[in-house]
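Fold and geometry: a report
The primary structure of each chain is shown beneath.
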Amino acid sequence: MFGFKKPETSQQQTVDRINIFSSLKTGLSKTQAKLFGGVGDLLLGKKKLDTTFLDDLEERLLVADLGIHATTEIIDALHSSIKRNEISDHDLLRETLNTVMTSILDPVQQPLTVPADKPGPFVILLTGVNGAGKTTTAGKLASHFINQGYSVMLAAGDTFRAAAIEQLQIWGERNNVPVVAQHMGADAAAVIFDALHSARANNIDILIADTAGRLHTQDNLMDELKKIHRAIGKFDDALAVENILVLDAATGQNALSQTKQFNDAIGIDGIVLTKLDGTAKGGIIFALALETGIPVRFIGVGEQLDDLYIFNSTDFVDALLEYQ
Amino acid sequence: MFDTLSERLSRTIKDLRGQGRLTEKNIESAMREVRMALLEADVALPVVRDFIEHVRQRAIGEEVMTSLTPGQAVVKIVEEKLISLMGEVNTSINFNTQPPAVIMMAGLQGAGKTTTVGKLARYLKEKEKKKILVVSCDVYRPAAIEQLKVLANEIDVEFYPSEKNQDPINIAKQVLDYARKQNFDGLLVDTAGRLHIDDEMMEEIKRLHDVLTPSDTLFVVDSMMGQDAVNAARAFDEALPLTGIVLTKTDGDARGGAALSVRHVTGKPIMFIGTGEKTSEFTAFHPERMASRILGMGDVLSLIEEVQEKTDIKKAEKLAKKLKKGKRFSLEDFRDQLQQMRGMGGMSSIMDKLPGMGGLPANVNTQVGDKQFIKLESIINSMTTHERRMPAVINGSRKRRIAAGSGTQIQDVNRLLKQFKQMQKMMKKLSGKGGMKKMMRGLGGMGDGGMPPGSMPF
């Protein structure tokens, strides 16, 4: 369908979609082969297990955007294992490192489930800073849930950015799902409120609401987000709502501030990490897991409809430490 | 932005300042702090190493040891290094070329290229009086072309229509021909966001570059980006002869280490920064100002420029004349001033640029500010014209009415009237010669406490 761009990779991917985990690795491997090799490389080398080695590892973790806190945590754990003579060779070290890192991410590996006992529609509200990939994620999420047999509707809550509505409508066409939209500059809360009515009237299972990108430091825009959140509660406060923060994998330590502010404003239930197909390592989710514990629901690895995968901590860390 | 970096460095440097003598040991500990601060600010590791090494070498060198105030000397070295990291001179778009000057954007997805095209077009049109044409070669992202069209329409700049089923190379050829024939001064070309490891897409932008032969190729980068900024910047710099960098979304609280990294890796100047949602929120980048802002020394130059640019000169002159004639400063004048303050982005934006304000906790700034202004304004709006001109007539029952009308308390009305009286007194003093200068000195006084003596350039 989108054969005009990168035809080989997308076809390759669809063929590989037999097993979700193997395909996740395929998705990640686009990236990791070139970059995550970093940490793995280090483990392959015949270096002595001394402080220089740990310093070297520390730097690589910092470069992967893990941040000082998470990096120190990991290095300290390794250091004490080495002290206790539990690590004698590189294989064991790799295993320990893998365990330590996975254990940080395990608590946030909580896939998104659609509650069956709540009144419909299940609402997924996508929030985040400008350019994180909210609209694209809306399109991919729609495809994900359609493949699972749910009926989906999209709400064009980004009424600020030029042509954001058109962008979402195109995703709607690609997925063949209805898109509720008003004009640019319309009240986002009203658009989503309308969409809720329409979704309920049409027995739609899931309503995915896009919102305008907003910097977490802009109080008035965060207030607008709270208003949207209130409007959803007003429609029906028994509704199950998933507030998702969409986060660019290339974001640095500022992601912590973003997450805290969005969480303070409306409460964030899940994170989607996008653009992992670059050289960005998304190490920031280690810092986020330690500091906030908010579940990571999905990761995005490309521009196609099916480039969205359920987050799995073991796969993520495996890919991170993969040998070249 | 840069808040925490500035907070941390301020603290470290304060410690250094207190010490009459610097030993190698306390320089080491200061450098460790600086390293942590830079890493937390997302400055790329190689850049951090280089920075620390440079500062350390000079700090333990002769020039500090022989200095009477070694602490100050280290501060100076850090500042100088920051400035040189961000580029010494402020450069701009090159129009010394056969028109149209072609300016091409390049960058990752979501960096803010399309918005930047709109903002830059407006900037060049309004500040440099250029005739600008914009075009989108982004045939991939849904509605990207539409987005630019809407933006162009909003800022009243000509938009060259392209279609999503066209080849970007063809679009480039056509638009170039059109821009030449129609005598445009500048042609701004938006391109699709692409990952630097996507060979096919990088090949495409190289071909676009060959066709367009831009006089400026700008790398657009998100100021919130982490360590990977260096990889992306390096790849784009290798693929294209970049001439400058645009740093976007600097109105957030990102510490902006990416700015330092990208600049360091490419060696290209940061030309512009995006500072907000509106198309007008876009300014030239001033490395020396940014460096002093990082160090908590404030950015007074930008503030003055902003005051000059955004105050309504006519209104200000009218007010000055009125005051000179011996007439009193009225509540209506007060309201005008409040409105102008808001026009400058409110108190938070002003405080941000004042020396010594960097040390305040992050959210205090916004709190002091803008809501208070709106409240004051609405109180004045709830008064009758007579009351505004003759505040003396406002008695208890009038106060009750005003409070109810503006949704405030009587205490708020009282407070406003008291503030206004003080303002009136101040205005009386100012109405003589050199009034503005005096007022600015008054403003500078707000920064007492944290302000290093002699850093105010007046």
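Now for the interface of chain A and chain B. Opposite the 47 residues of chain A that make contact, chain B presents 39 residues. Buried area between chain A and chain B, both sides added, is near 3,700 Å², and the carbon and sulfur share of it is 57%. Applying the counting criterion to the chain A and chain B interface returns one salt bridge. Connecting chain A to chain B are 13 residue pairs in polar contact (both at pLDDT 80 or more). Those elements giving two or more residues to the side of chain A that touches chain B turn out to be helix H1 (7-15), helix H4 (51-63), helix H8 (164-175), helix H10 (219-235) and helix H11 (254-266) of chain A. Of the residues assigned to the side of chain A that touches chain B, the class counts are 16 nonpolar, 15 polar and 16 charged.

Let us now look at the pattern of salt bridges. Counting across every chain of the model gives 25 salt bridges over all chains. One salt bridge in this structure joins Arg-297 of chain A and Glu-242 of chain A, with 2.7 Å as the shortest N-O distance. Of this pair, Arg-297 of chain A sits in strand S7 (residues 296-300) while Glu-242 of chain A sits in strand S5 (residues 241-248), placing them 55 residues apart in sequence. The exposure class of Arg-297 of chain A is buried, given its relative accessible area of 10%. For Lys-206 of chain B, the salt bridge goes to Glu-203 of chain B, with nearest N and O atoms at 3.8 Å. Remark: Glu-203 of chain B and Lys-206 of chain B occur in helix H9 (residues 199-212); sequence separation between them is three residues, near one turn of the helix. On the basis of relative accessible area, Lys-206 of chain B is assigned to the partly exposed category, the value being 31%. On the basis of relative accessibility, which here comes to 40%, the residue Glu-203 of chain B falls in the partly exposed class. Here the salt bridges do not stand alone but share partners, grouping Lys-375, Asp-412 and Arg-415 of chain B into one network.

So, on to the packing of aromatic side chains. Within this structure, the stated rule accounts for eleven aromatic pairs over all chains. Pairing Phe-145 of chain A with Tyr-150 of chain A gives two aromatic rings, centres 6.0 Å apart and planes at 75 degrees, and the pair type is edge-to-face. For Tyr-150 of chain A, a relative accessible area of 27% translates into the label partly exposed. Centre to centre, the rings of Phe-286 of chain A and Phe-316 of chain A are 6.4 Å apart; their planes meet at 50 degrees, and the pair counts as tilted. Taken as a pair, Phe-286 of chain A in helix H12 (residues 284-291) and Phe-316 of chain A in helix H13 (residues 313-321) lie far apart in primary sequence, 30 residues in all. When the ring centre of Trp-171 of chain A is taken as reference, the NZ or CZ atom of Arg-174 of chain A above it lies at 4.8 Å. Its guanidinium or amino end placed over the ring of Phe-95 of chain B, Lys-130 of chain B lies 4.6 Å from that ring's centre, counting from NZ or CZ.

So, about helix H3 (residues 45-59) of chain B. All names here are of chain B. A rise of 1.5 Å per residue sets the reference length of H3, with its 15 residues, at 21 Å; its end C-alpha atoms lie 21 Å apart and thus fit the reference within 8%. Among all positions in H3, only Leu-45, Val-47, Val-48, Phe-51, Ile-52, Val-55, Arg-56 and Ala-59 are buried. Looking straight down H3, one finds that the buried residues subtend no more than 155 degrees of arc, so they occupy a single side.

Here the focus is the sheet that holds strand S3 (residues 179-180) of chain A. All names here are of chain A. Taken together, the eight strands give an open sheet; going across it, the order is S3-S2-S4-S1-S5-S6-S7-S8, and neighbouring strands pair in mixed fashion. Edge positions in the sheet fall to S3 and strand S8 (308-310), since each of these pairs with one other strand and no more. Inspection of the sheet shows S7 paired to S8 by three bridges, in the antiparallel sense. Note on S8: the bridge partner recorded for Phe-298 is Ile-310. Taken strand by strand, H11 contacts strand S1 (122-127), S5 and strand S6 (270-274), and its axis lies near 160 degrees from that of S5.

Residues and elements named next belong to chain B. The buried count for helix H11 (residues 257-266) comes to eight of ten residues, which makes it a mostly enclosed element. Taken together, the buried positions of H11 are occupied by Gly-257, Ala-258, Ala-259, Leu-260, Ser-261, Val-262, Arg-263 and Thr-266. Immediately downstream of H11, the backbone of Gly-267 shows phi near 70 degrees, a positive value.

So, on to the sheet that holds strand S6 (residues 244-248) of chain B. All names here are of chain B. Read from one edge of the open sheet, eight strands run S3-S2-S4-S1-S5-S6-S7-S8, paired in mixed fashion. Looking at the sheet topology across the chains shown, the edges are occupied by strand S3 (158-160) and strand S8 (282-284). Sheet twist, expressed as the average angle between the axes of neighbouring strands with direction ignored, equals 25 degrees. In this structure, strand S2 (residues 132-136) lies alongside strand S4 (residues 186-190), joined through five bridges in parallel fashion. Note that in S4 the partner of Ser-136 across the bridge is Asp-190. This element, helix H7 (residues 144-155), spans S2, S3 and S4 of the sheet and lies at about 160 degrees to S2. Against the sheet, helix H8 (residues 168-181) contacts strand S1 (101-106), S2, S3 and S4, and its axis sits at roughly 170 degrees relative to S2.

The rules behind the values
- Residues numbered from 1 in each chain as written.
- Chains lettered and ligands numbered in written order.
- Predicted model: local features only at pLDDT ≥ 70, side-chain atom pairs only at ≥ 80, totals over all residues.
- Heavy atoms only, no water.
- Contact = heavy atoms within 4.5 Å.
- Buried area = accessible area lost by both parts, 1.4 Å probe.
- Salt bridge = Lys/Arg side-chain N within 4 Å of Asp/Glu carboxyl O.
- Polar contact = N/O pair within 3.5 Å; in protein donor to acceptor, adjacent residues only side chain to side chain.
- Helix = DSSP H or I, 4+ residues; strand = E, 2+ residues; numbered from the N terminus.
- Nonpolar A, V, L, I, M, F, W, Y, C, P; charged D, E, K, R; others polar.
- Buried < 20%, exposed > 50% of the residue type's maximum accessible area, 1.4 Å probe, protein only.
- Phe/Tyr/Trp six-rings, centres within 6.5 Å; stacked < 30°, edge-to-face > 60°.
- Lys NZ or Arg CZ within 6 Å of the ring centre and 35° of its normal.
- Expected span 1.5 Å × (residues − 1).
- Arc of directions from axis to C-beta.
- Pairing = 2+ DSSP bridges.
- Axes fitted to C-alpha atoms, helices over the stretch in contact; angles between N-to-C directions.

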